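Geometric and topological summary
This is what each chain is made of:
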Amino acid sequence: MSDPVEWCIDEGPEMNEHKALILDEVRKYHDDVAPTGEFEPGVTEIWPTGAVHDVEDRLALVEAALELRVAGGSRARKFESVFARKMKRRKALLTNSGSSANLLALSALTSHRLDDARLRPGDEVITVAAAFPTTVNPILQNGLVPVFVDVELGTYNPTVDMVARAIGPKTKAIMIAHTVGNPFAVAEMAELAAQHELFLIEDSCDAVGSTYDGEPVGTFGDLTTVSFYPAHHMTMGEGGCVLTSNLLLSRIVESLRDWGRDCWCEPGESNTCLKRFSYQLGSLPHGYDHKYIYSHVGYNLKITELQAALGLSQLNKLDDFCATRRHNWRRLREGLEGVPHMLLPEATPRSDPSWYGFVVTVDPQAPFTSKELVDFLEDRKIGTRRLFAGNLLRHPAYADQEHRVVGGLANTDIIMTQTFHIGVYPGLTDQMIDYVVASFKEFVAARG
Ligand SMILES: Cc1ncc(COP(=O)(O)O)c(C=O)c1O
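Residues numbered from 1 in each chain as written. Predicted model: local features only at pLDDT ≥ 70, side-chain atom pairs only at ≥ 80, totals over all residues.

Where an unreviewed UniProt entry is consulted, the protein chain appears under the name Lipopolysaccharide biosynthesis protein RfbH, with the organism given as Nonomuraea insulae. Database annotation for the protein chain, UniProt heading Sequence similarities (unreviewed entry): "Belongs to the DegT/DnrJ/EryC1 family." Turning to the protein chain, the UniProt annotation filed under Cofactor (unreviewed entry) states: "pyridoxal 5'-phosphate". (UniProt positions renumbered as here; feature names shortened; annotations may be inferred.)

1. So, the site of the ligand
Looking at the ligand, there are 15 residues lining it, with Ser97, Gly98, Ser99, Cys205 and Ser227 nearest. At the level of secondary structure, the elements contributing two or more residues to the shell around the ligand comprise helix 4 (98-108) and helix 5 (133-141). Ranked by the residues each element gives to the shell around the ligand, the list is headed by helix 4, at three residues. In the shell around the ligand, the residues fall into five nonpolar, eight polar and two charged. (Near = placed C-beta within 6 Å. Helix = DSSP H or I, 4+ residues; strand = E, 2+ residues; numbered from the N terminus. Nonpolar A, V, L, I, M, F, W, Y, C, P; charged D, E, K, R; others polar.)

2. Observations regarding the domain arrangement of the protein chain
In terms of domains, the protein chain is made up of domain 1 (74-314) and domain 2 (318-447). One C-alpha centre belongs to domain 1, the other to domain 2, and the line joining them spans 28 Å. The interface of domain 1 with domain 2 comprises 41 residues on the first partner and 40 residues on the second. Elements with a contribution of two residues or more to the side of domain 1 that touches domain 2: helix 5, strand 3 (145-149), helix 6 (160-166) and strand 6 (211-212). With five residues, strand 3 is the single largest residue contributor to the side of domain 1 that touches domain 2. Of the residues belonging to the side of domain 1 that touches domain 2, the class tally is 25 nonpolar, ten polar and six charged. (Domains from an automatic or database assignment. Contact = placed C-beta atoms within 7 Å.)

3. Overview of the sheet that holds strand 1 (residues 91-95)
Ordered by their spatial adjacency, eight strands build an open sheet running 1-9-8-5-4-2-3-14, and the pairing between neighbours is mixed. Each edge of the open sheet carries a strand with a single partner, namely strand 1 and strand 14 (404-406). Ignoring strand direction, the axes of neighbouring strands in this sheet form an average angle of 20 degrees. Helix 3 (residues 74-86) contacts strand 1 and strand 9 (240-244) of the sheet and is inclined by roughly 135 degrees relative to strand 1. The sheet strands contacting helix 5 are strand 2 (124-128), strand 3, strand 4 (171-177) and strand 5 (199-203), and the helix crosses strand 2 at an angle near 160 degrees. (Pairing = 2+ DSSP bridges. Axes fitted to C-alpha atoms, helices over the stretch in contact; angles between N-to-C directions.)

4. Quick word on the packing of helix 4 against helix 8 (residues 247-257)
Helix packing geometry: the angle between the two helix axes and the distance between the axes. In the contact formed by helix 4 and helix 8, the axes pass within 9 Å of each other and the chain directions differ by 125 degrees. Taken together, the axes of helix 4 and helix 8 lie oblique to each other. The two elements helix 4 and helix 8 cross, and the hand of that crossing is right-handed. Taken together, the residues of helix 8 that come into contact with helix 4 (itself represented by Leu104, Ala105, Ser107 and Ala108) are Leu249, Ile252, Val253, Leu256 and Arg257. In the contact of helix 4 with helix 8, the residues fall into seven nonpolar, one polar and one charged. (Parallel < 35°, antiparallel > 145°, perpendicular 65-115°, else oblique. Left-handed = near helix turned anticlockwise from the far one by under 90°.)

5. What about the nonpolar core?
With 108 residues, the main nonpolar core has Ala131 and Ile174 as its most contacted residues. Among the elements that line this core, the one with the most residues is helix 4, at six residues. Two domains each donate at least three residues to this core, and these are domain 1 (74-314) and domain 2 (318-447). Contacts of Ala131, omitting those with residues within four sequence positions, involve Val136, Ala177, Phe388, Ala389 and Leu392. (Core = buried A, V, L, I, M, F, W, Y, C linked by C-beta atoms within 7 Å. Buried ≥ 20, exposed ≤ 12 C-beta atoms within 10 Å, placed from the backbone.)

6. Quick look at helix 12 (residues 410-418)
Regarding helix 12, the residues found buried are Asn411, Thr412, Ile414, Ile415, Met416 and Gln418. If you follow the buried residues of helix 12, they end up packed against strand 12 (357-362), helix 11 (370-379) and strand 15 (419-423).

7. What to know about the sheet that holds strand 10 (residues 342-343)
Taken together, the four strands give an open sheet; going across it, the order is 10-12-15-13, and neighbouring strands pair in antiparallel fashion. Whereas interior strands pair on both sides, the edge strands pair on one side only; in this sheet they are strand 10 and strand 13 (385-386). When strand 13 meets strand 15, the two strands line up antiparallel, connected through two bridges. When the bridges of strand 15 are listed, Arg386 appears paired with Phe420.

As structure tokens, then:
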């Protein structure tokens, strides 16, 4: 690998003039393609998730593209420092997806740099099967054993008691998502982890902006992860982030993300440690160039500057996005209150969720099936999604994987057949939400 010094346009005054013209045209283009037209019930798609972009996003991407600095650079570093502050963590490390963030966070716990505390093959990590697969996959990918506990219906999270009962002599960590933005009892979970000397990873991919006891989720565990896929609270198209206040874990994540290297100089930088040619690590000769010393068996999971440019622009709108998600969720919750045969979602006590979606569980005794309801909604262009994998253990990929189940997965199985979610993303209007509520009521009145 050679240093990734990319070719850059040397912007003279003439180039700047062209750039201004181009950006002006981009503004006009944005106006041309901006969606127009009224909401037409039953015709306009009501998406279950989606990104909301404005002209600033388009300009940010074009401006970054004009610079032709494609590999992550100053924008990526700026995003990391602003986002770390926003999430109240000392370090934020961008990566190319939420799944990569989970892989990096869990893999970091296996590092030799943690000495005796490191996770070793065969050690156990407590998690849930009512999950998105890549919350659990890093456990298997690292040769560790997932221990599955059930979740509650309504909050869709495990309780601290369920997790406590699963702790055994080989348990070394807990890795759980705040399901659809609804925090699990994370302060108590962190306390439990501390009592048993376990690491805690909070998968906050669906929960940016959610708080527990007034503090942002992600500030309770050792590491937290975020996704910037378009379905999430803000987007980079693809992207993710690992956050931590533990500087050793941050260094390990950075090394694993960046090929496993020991050096932490940015591309184009050299010798920021002032010891580039005086290290002696492994059985390498003294003074071997630190830029090419590898302390982990790593990956390349870095992000591009274009993604960071979009991320910075989206970050300006994050608080508004979260507020609209809360508003949309409340409007659905109030509208659907009292509709029979359905369990409506509940925020975990002491939490203020920044919701990813609105989860509905159809009573197994209802005079209709959840499929019939989903088909009815989909026919009306109201998009639905499952609660991710339902029960991961029932998928072919997991059939032969070593694991333990503690306490049974009765609710997880109910979720697999009875549960789905609809959207609360900021692109939805009150008119759309009122139509969704009316559609539920019409269906139940006809079948109930
Ligand atoms: C809880 C959770 N974790 C991780 C991910 C993976 O994120 P990404 O799609 O960015 O890889 C998702 C994706 O939706 C998710 O919902």
